[in-house]
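Analysis of the macromolecular model
Here are the chains, one letter per residue:
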Amino acid sequence: MREDIAFEGSYGGDNSKITDASHLECKICWYVYKPEQGDDYWHIPAGTPFSQLPEHWTCPECDGNKNDFMVVDA
């Protein structure tokens, strides 16, 4: 898969597309990361913005790549 091609609305690692309160959705399984809830699977505390998730973070439901998440609300 080519890394330079992205779906419209995808995060793609571009923090300018989101705010600290943005919700992002996995394009594979539709899991929604909500900063106000954090992520129990990866031990990410509530209040952690998507932009601050570690580089190794993947979807806790399907292991989808962080950069492939879609912006639900900015």
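Right, let's walk through the structure included here. Going along each chain's sequence as written, the residues are numbered from 1 onward. Given that the model is predicted, a residue must reach a pLDDT of at least 70 before its local features are reported, and side-chain atom pairs must reach 80 or more before they are shown or counted; all residues, however, enter totals for whole chains, interfaces and linings. By convention in this description, side-chain values take in all heavy atoms of the structure and omit both hydrogens and water.

**A word on the packing of aromatic side chains**
- Each Phe, Tyr or Trp ring (for Trp, its six-membered ring) is paired with any other whose centre lies within 6.5 Å, and the angle between the two planes then decides the class: stacked below 30 degrees, edge-to-face above 60, tilted in between. Scanning all chains against the criterion turns up 7 aromatic pairs.
- A ring pair is formed by Y33 and W57, whose centres lie 5.8 Å apart and whose planes are at 75°; its orientation type is edge-to-face. One end of the pair, Y33, is in strand 2 (residues 32-33); the other, W57, is in the loop between strand 2 and strand 3 (70-73), with 24 residues separating them in the sequence.
- Here, over-ring charges are defined by two tests on the NZ atom of lysine or the CZ atom of arginine: distance to the ring centre within 6 Å, and angle to the ring normal within 35 degrees. Between the NZ or CZ atom of K66 and the centre of the ring of F50, over which it lies, the distance is 5.8 Å. By the criteria applied, helices consist of DSSP H or I runs no shorter than four residues and strands consist of E runs no shorter than two, each listed in order from the N terminus.

**What to know about the environment of Q52**
- Here Q52 shows up in the loop between strand 2 and strand 3.
- Relative accessibility decides the category of a residue: with a 1.4 Å probe and only protein chains considered, values under 20% of the type maximum give buried, values over 50% give exposed, and everything between is partly exposed. Accessibility expressed as a relative area gives 56% for Q52, which makes it exposed.
- Sequence separation of Q52 and D20 is 32 residues, and the distance between their C-alpha atoms is 8.7 Å.

**Brief notes about the sheet that holds strand 3**
- Strand pairing requires that DSSP identify at least two bridges connecting the strands. In spatial order, the strands read 2-1-3; together these 3 strands make up an open sheet with antiparallel pairing. This sheet does not close on itself; its edge strands, each paired only once, are strand 2 and strand 3.
- With 2 bridges connecting them, strand 1 (residues 23-25) and strand 2 associate as antiparallel partners. Bridge pairing in strand 2 links E25 to V32.

**Section: the environment of L53**
- By the element assignment, L53 lies in the loop between strand 2 and strand 3.
- According to the relative accessible area criterion, L53 is buried, its value standing at 3%.
- Sequence separation of L53 and D39 is 14 residues, and the distance between their C-alpha atoms is 9.8 Å.

**Some words on the environment of K34**
- Assignment of secondary structure puts K34 in the loop between strand 2 and strand 3.
- For K34, a relative accessible area of 29% translates into the label partly exposed.
- Sequence-wise, K34 and L24 are 10 residues apart; in three dimensions their C-alpha atoms are separated by 7.2 Å.

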